[in-house]
Amino acid sequence: TSHELILLQGSREYFPALVAALDAAQDEVYFETYIFDFTAGSLAVAQALARAGERGVQVSVVLDGIGTPDVPLVWAARWSEAGVRWRIFEPIGTLGVWFPSRWRRLHRKLCVIDRSVAFCGGINILDDRHDPHGQNLMDRPRLDYAVQVRGRLVQEIHATMAQHWWRMAMARELRHKRIGAAIEIFKETESGPLPNSRGRYRLVLRDNLRHRTDIQRSYLQAIGRARHEILIANAFFFPAPKLRRALVRAAQRGVRVRLLLPGFYEYAVPYLAARQVYGQLLRDGVEIVEYQASYLHAKVAVVDGKWLTVGSSNLDPFSLLLAREANVVAHDPSLAQALQTSLTDAIEQGATRVDPHAYLGRGWRERMVDALASAVLRFGVFLTGKRY
């Protein structure tokens, strides 16, 4: 089956495309996101979900318990009246954040409509210019991407989302000791393993069962095959040693390796910890540029102008060890070049290259702060019982 993928940059392109698809829905909608903000431009998506429900479309929404701990009362009422079914994945409560067993989050951003069109990317339902850490609108939009998908991949996205919805329903019944109801849900569920995509267009998942390392492996394979250029943009960058070595080996064999990373932080520890790993990369010829025009939230990559990935997974331990993530991976030169052009524009207009000599000569206080942040992050991984 042929595929049609459209690259969408930021909420200013993603939200209108998503709303148009939701307004055309006739049968069913599955929707998952980490953050649903319910303010500014995000309201258009909330309203479109409600309109679909009011038309009789079966709308099923899953929101993460940390990213979106609750739905505002006015929207809970509106969605319920419209027939929208919604659930919070792993509600964490006030003290839950202190328990590593509760750190496994739903971080993927997926939507599938009528089994005919789907969306996958890194964009939360959060307005491009809304700063979640302050009250003011940002001067420049957040840098992030998604893809709109038609073709065989839509069926795979539908299968993984439907299975997740029904598993959550079964778990809820079992928690309340309603065994009979759980069995009935199991009978209704589309059985069988999730599709395992192959070929030029693939849905690559990360979960804690069958797909623990799939996203990292897709990066390693693409980096290992690179011959000319690797361009990665990532919001939270603390790659495992295996990934760092792959980037270094690529640079050593003459591949131009560029990393577009945040120039200032949303969260101090992961930002400072990322700077701790710059040294090895810079020494071996990897170029690092820091985006300073606005927040960088992208999780994308282009290799040799032909291969690309767009999704929700950062190259850090919490994405690659703990969270449910979803990336689309494609061998599509026209789409890859569109993404490369967009990233190159971002670099030229809003980023600064990290000078290796300045970085390696930074003062002891800065080195100590970076090392401390790295130690805190590594200790967090240790607490989960995972190896990274």
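Draft legend 1. Highlighting a nonpolar patch on the surface. Taken together, V269, L372 and V376 make up a surface patch of nonpolar side chains, about 240 Å² in accessible area. In this fold, L372 is placed in helix α13 (residues 364-384). L372 sits in the exposed class, given a relative accessible area of 56%.

Draft legend 2. Seen up close, empty space enclosed by the protein. Scanning the model with the defined rule gives two cavities of 30 Å³ or more in all. Estimates place the volume of the largest cavity at around 140 Å³. As for the largest cavity, its lining consists of 16 residues, and the residues nearest its centre are A235, F236, P262, F264 and Y271. Elements with a minimum of two residues in the lining of the largest cavity: β10 (256-262) and α8 (268-276). If one sorts the elements of the lining of the largest cavity by residue count, α8 sits on top with four residues. Residues of the lining of the largest cavity, tallied by class, amount to 14 nonpolar, no polar and two charged. If you add up the space inside the second largest cavity, you get close to 30 Å³. If you trace the second largest cavity, you find it lined by Y30, F31, E32, S60, V62, M161, H164 and W165. Going through the elements one at a time, β2 (28-33), β3 (58-64) and α4 (152-175) are the ones with two or more residues in the lining of the second largest cavity.

Draft legend 3. Representation of the pairing of strand β4 (residues 85-89) in the model. The sheet contact formed by β3 and β4 spans five bridges and is parallel. Its bridge partner lying in β4, V62 is registered against R87.

Draft legend 4. Broad picture of the layout of surface pockets. For the largest pocket, the calculated volume is near 1,100 Å³. Lining the largest pocket are 34 residues, with Y34, I66, F236, Y267 and F318 positioned closest to its centre. Looking at the lining of the largest pocket residue by residue, the classes come out as 17 nonpolar, nine polar and eight charged.

What counts and how
Residues numbered from 1 in each chain as written. Predicted model: local features only at pLDDT ≥ 70, side-chain atom pairs only at ≥ 80, totals over all residues. Heavy atoms only, no water. Patch = residues over 30% accessible without salt bridge, like charges linked within 9 Å, V, L, I, M, F, W, Y side chains within 5 Å. Areas by Shrake-Rupley, 256 points an atom, 1.4 Å probe, with all protein chains shown as cover. Salt bridge = Lys/Arg side-chain N within 4 Å of Asp/Glu carboxyl O. Helix = DSSP H or I, 4+ residues; strand = E, 2+ residues; numbered from the N terminus. Buried < 20%, exposed > 50% of the residue type's maximum accessible area, 1.4 Å probe, protein only. 1 Å grid on protein atoms, 1.4 Å probe; cavity = no way out; pocket = protein on both sides within 12 Å on 5 of 7 lines; lining within 4 Å. Points joined across faces, edges and corners; volume = space filled by probe spheres on them. Nonpolar A, V, L, I, M, F, W, Y, C, P; charged D, E, K, R; others polar. Pairing = 2+ DSSP bridges.

The quantities given are spatial measurements derived from coordinates; they are silent on function.
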